[in-house]
Number of protein chains: 2
Amino acid sequence: MNEVKIFSPATVANVTCGYDVLGFCLDNVGDEMIVRKTAKKGIHITKIEGYDLPFEADKNVAGVSALALLNHANLDYGFEIEIYKHIKPGSGIGSSSASAAGSVFAINELLGRPYSKTQLTEFAMKGEALASGSEHADNIAPALFGGFTLVKSIAPLTVLEIPSPADLYATVIHPQIEIKTAEARAILPKEIPLKIAITQWANVGSLVHALHTNDYNLIQSSLKDIIIEPFRSKLIPQFENVKLAALNSGALGCGISGSGPSIFALSKGKDMALKVENAMELVYRNTEVAFNTYVSKINLEGIRILS
Amino acid sequence: MNEVKIFSPATVANVTCGYDVLGFCLDNVGDEMIVRKTAKKGIHITKIEGYDLPFEADKNVAGVSALALLNHANLDYGFEIEIYKHIKPGSGIGSSSASAAGSVFAINELLGRPYSKTQLTEFAMKGEALASGSEHADNIAPALFGGFTLVKSIAPLTVLEIPSPADLYATVIHPQIEIKTAEARAILPKEIPLKIAITQWANVGSLVHALHTNDYNLIQSSLKDIIIEPFRSKLIPQFENVKLAALNSGALGCGISGSGPSIFALSKGKDMALKVENAMELVYRNTEVAFNTYVSKINLEGIRILS
């Protein structure tokens, strides 16, 4: 195999109570990439469609993660990468992670899979760091592992694959506004009351238990973020109304995707997820904010080979 | 059935990262109680052996929880209770909870089990409040449900039964010192850094996942408390040495039981738990602190009927 075409999905990080640790993978929204072996050493990005991103490998997240892998592999040949970008950068559904994880996943396939998913996550984190300024695996882990992931720790990198009910669907709405990562960080408190931290970790524990036991009622009562959301939701116009609309129409839970501006909801069944989509859309339709929406099964596979 | 004799076990609350939410049940240390129906209405405590506790039902934790049940049941008869107390009050392994949960468990048996474990927990919390000043279920839930429990919330009371590996054993050492509950509370910070809260809830999530998947390595790396232990361990002489001894001799983890002074460790297999017991004992043997120890399988049943 000298060439592989892959689908690298969008992902939701900071799943309510699981801020900074819990994420999941979407199914029908993501980038496509073609990676092929070349006699020429190094990484060469030959095509980028969809968004205006740098072609220099060391300035492109897909390039940087690929170079991290190459540094480790020490090969006497190289790879060229074509990127067909569908996830808008800055949307809050893991655009940079899809690029960073996609390139190393594809190269690993072409090499005969010498690297584990955890190792690929580590390479991809180098690319993610270019985009976000710090190495984190919140979106990379669900992209590479699929399903729900819990990033237990970064050093050593420990990614846990949390099972989830077969009938769980996500609805995502992306209001087309820009949130600066720096602002989303600066708005967070350095210290939080112990009391609400306890409530949050009770919810993390019960959400993990609920996902293991397919307990939709418990998923519903655990999908709460009483720490980050009260601060960051202020950066997203209509957040409270969108959340209320989602919950009132039957969503199990609703929260900020990543650091926003996208908002996600989880529902039992596709019909409900579509109903929730409609309710969320209605809120922005009455405003000047442009938006788009996605309804997706939880993608248990993660990045996949198209051809 | 007019009389029942029960074993009401000791329990470990505040299981490292799961402060205030996660507990488990011990197997071979606990109180015995005999409860019998009487024509006379109300609750009458007729015998207390082991420790000096009040006979007035409304001043005794077993009495107060029983009265809470009776208030709800509205019966034209009553119960007398004999208490054979083996768990020392103030030891940090759920002495008051064993009494509070034991009486309502036994009465429920004599009534033909009209109440759920969750309802019994609610009654028992009234008794616990007499002892600790606030209604909490940290020790009551594992005593009534058995195994590992996660108290997700108090209002509404939601207790989750978390599975655990069959070969998990606890070692408990109880140094015979007194820790005042008020002091154990006052020493805790009101606010904590967001950063360490995130690490703690990552560990809660991964511990629940590890218990579900029988992953001993993950249990080991999750059994950490970076928030409460640094403060409360100061109240327990030799805590750091005991913990080090336990971990060095092969324990998966070690922490403060409840609000102390007891210290618990978890190990894979009984042999290891006994080895850990020996290591923990050695630390106190070189001091003036009197102590006793327990080695116990995780008790999956909770309170049980003896006859």
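Residues numbered from 1 in each chain as written. Chains lettered and ligands numbered in written order. Predicted model: local features only at pLDDT ≥ 70, side-chain atom pairs only at ≥ 80, totals over all residues.

Draft legend 1. Summary view of the overall build of chain A. Each helix and strand in chain A was counted, giving 10 helices and 12 strands. Since a compact globule built from 307 residues should have a radius of gyration of about 19 Å, the 19 Å found for chain A is in line with a globular shape. Here the C-alpha coordinates of chain A stretch approximately 55 × 40 × 35 Å along the principal axes. Looking at the 307 residues of chain A, the share that counts as buried comes to 55%. (Helix = DSSP H or I, 4+ residues; strand = E, 2+ residues; numbered from the N terminus. Rg over C-alpha atoms; globule rule 2.2 N^0.38 Å. Buried ≥ 20, exposed ≤ 12 C-beta atoms within 10 Å, placed from the backbone.)

Draft legend 2. Geometry of helix 2 (residues 95-110) of chain A. Compared with an ideal rise of 1.5 Å per residue, which puts 16 residues at 22 Å, helix 2 of chain A spans 23 Å between its outermost C-alpha atoms and is within 8% of the ideal. The element helix 2 of chain A is extensively covered by neighbouring structure, given that 14 of its 16 residues are classed as buried. (Expected span 1.5 Å × (residues − 1).)

Draft legend 3. Molecular detail of the nonpolar core. Formed by 202 residues in total, the largest nonpolar core has its most connected members in Ala66(A), Ala101(A), Leu144(A), Ala66(B), Ala101(B) and Leu144(B). Ignoring anything within four residues of it in the chain, the contact list for Ala101(B) reads Ser8(B), Ala124(B), Ile140(B), Ala143(B), Leu144(B) and Ile303(B). (Core = buried A, V, L, I, M, F, W, Y, C linked by C-beta atoms within 7 Å. Contact = placed C-beta atoms within 7 Å.)

Draft legend 4. Up close: the pairing of strand 10 (residues 263-268) of chain B. All names here are of chain B. Of all the 6 residues making up strand 10, 5 are buried; the element is thus mostly covered by neighbouring parts of the structure. Across 6 bridges, the pairing between strand 7 (residues 168-175) and strand 10 is antiparallel. Bridge pairing in strand 10 places isoleucine 173 opposite isoleucine 263. Of the pairings in the sheet, the one linking strand 9 (residues 253-256) to strand 10 comprises 4 bridges and is antiparallel in character. Directly across from glycine 253, in strand 10, lies its bridge partner leucine 266. Remark: 6 residues form the turn of the hairpin made by strand 9 and strand 10, two consecutive strands paired antiparallel; glycine 258 in that turn has positive phi of roughly 60°. (Pairing = 2+ DSSP bridges.)

Draft legend 5. Structural detail: helix 9 (residues 239-248) of chain B. Residue and element names in this part refer to chain B. Among the residues making up helix 9, those that are buried are Phe239, Val242, Lys243, Ala245 and Ala246. Along the long axis of helix 9, the arc covered by the buried residues comes to 160°, so they all point the same way. Here the buried face of helix 9 lies against strand 7, strand 9, strand 10 and helix 10 (270-285). Of the residues trailing helix 9, glycine 250 is marked for its positive phi of about 115°. (Arc of directions from axis to C-beta.)

Draft legend 6. Spotlight on the sheet that holds strand 11 (residues 291-297) of chain A. All names here are of chain A. Taken in spatial order, the 4 strands line up as 9-10-7-11 in an open sheet, and their pairing is antiparallel. Each having just a single partner strand, strand 9 (253-256) and strand 11 make up the two edges of the open sheet. Adjacent strand axes in the sheet meet at a mean angle of 20°, parallel and antiparallel pairs treated alike. (Axes fitted to C-alpha atoms, helices over the stretch in contact; angles between N-to-C directions.)

Draft legend 7. Spatial organisation of the domain arrangement of chain A. Residue and element names in this part refer to chain A. As far as domains go, chain A holds domain 1 (3-162 + 300-305) and domain 2 (168-297). Each partner contributes residues to the interface: domain 1 has 22 residues there, and domain 2 has 30 residues. Broken down by element, the residue count for the side of domain 1 that touches domain 2 peaks at 4 residues, all from strand 2 (residues 22-38). (Domains from an automatic or database assignment.)

Draft legend 8. Local environment of the environment of Val15(A). All names here are of chain A. For valine 15, the location among the structural elements is in the loop between strand 1 (3-12) and strand 2. Overall, the presence of 28 C-beta atoms within 10 Å leaves valine 15 in the buried class. The sequence separation of valine 15 and serine 164 amounts to 149 residues, and the corresponding C-alpha distance is 14 Å. Non-local contacts of valine 15, meaning those with residues more than four positions away in its chain, are made with Leu22, Gly23, Phe24 and Gly255.

Draft legend 9. Representation of the interface of chain A and chain B. Listed by partner, the interface residues are 28 residues for chain A and 28 residues for chain B. Counting only elements with at least two residues in the side of chain A that touches chain B, the list comes to strand 5 (148-154), strand 6 (157-162), strand 8 (191-193) and helix 6 (194-213) of chain A. The element contributing the most residues to the side of chain A that touches chain B is helix 6 of chain A, with 12 residues. Looking at the side of chain A that touches chain B residue by residue, the classes come out as 17 nonpolar, 7 polar and 4 charged. The pairing of strand 8 of chain A with strand 8 (residues 191-193) of chain B spans 3 bridges and is antiparallel. Bridged to Ile192(A) within strand 8 of chain B is Ile192(B). (Nonpolar A, V, L, I, M, F, W, Y, C, P; charged D, E, K, R; others polar.)

Draft legend 10. Region of the structure containing the environment of Ser249(A). Residue and element names in this part refer to chain A. Mapped onto the secondary structure, serine 249 falls in the loop between helix 9 (239-248) and strand 9. For serine 249, a count of 18 C-beta atoms within 10 Å translates into the label partly exposed. For serine 249 and glutamate 277, which are 28 residues apart along the polypeptide, the C-alpha to C-alpha distance reads 9.3 Å. Non-local contacts of serine 249, meaning those with residues more than four positions away in its chain, are made with Lys275, Val276 and Ala279.

Draft legend 11. Spotlight on the relation of the copies chain A and chain B. Superposing chain A onto chain B requires a rotation of 180° together with a translation of 0.0 Å along the rotation axis, leaving an RMSD of 0.0 Å. Here the symmetry operator amounts to a two-fold rotation axis. Of the interface residues in chain A, 100% have counterparts in chain B that sit at the interface too, so the contact is made through matching surfaces. (Least-squares fit on C-alpha atoms with pLDDT ≥ 70 in both.)

Draft legend 12. Structural view of the packing of helix 6 of chain A against helix 6 (residues 194-213) of chain B. Running from N to C, helix 6 of chain A and helix 6 of chain B point in directions that differ by 30°, and their axes come no closer than 9 Å. In terms of orientation, helix 6 of chain A and helix 6 of chain B fall into the roughly parallel class. Helix 6 of chain A and helix 6 of chain B meet at a crossing whose hand is right-handed. Of the residues in helix 6 of chain B, those in contact with Ala197(A), Gln200(A), Trp201(A), Val204(A), Gly205(A), Val208(A), His209(A) and His212(A) of helix 6 of chain A are Ala197(B), Gln200(B), Trp201(B), Val204(B), Gly205(B), Val208(B), His209(B) and His212(B). Tallied by class, the residues present in the contact of helix 6 of chain A with helix 6 of chain B amount to 8 nonpolar, 8 polar and no charged. (Parallel < 35°, antiparallel > 145°, perpendicular 65-115°, else oblique. Left-handed = near helix turned anticlockwise from the far one by under 90°.)

Draft legend 13. Summary view of the confidence of the model for chain A. Summing up the model confidence of chain A, the mean pLDDT is 96 and the portion of residues at 70 or higher is 100%. Overall fold confidence for the complex sits at a pTM of 0.97, while the interface term, ipTM, reaches 0.96. (pLDDT = per-residue confidence, 0-100.)

Draft legend 14. Inspection of the packing of helix 1 (residues 61-73) of chain A against helix 3 (residues 117-132) of chain A at higher detail. Residue and element names in this part refer to chain A. One can describe the packing of helix 1 onto helix 3 by two numbers: an axis separation of 7 Å at closest approach and a directional angle of 145°. Taken as a pair, helix 1 and helix 3 cross one another with a handedness that is right-handed. For the pair helix 1 and helix 3, contact is made by Val61, Ala62, Val64, Ser65, Ala68 and Leu69 and by Phe123, Ala124, Lys126, Gly127, Glu128, Leu130 and Ala131, respectively. The residue makeup of the contact of helix 1 with helix 3, split by class, is 9 nonpolar, 2 polar and 2 charged.

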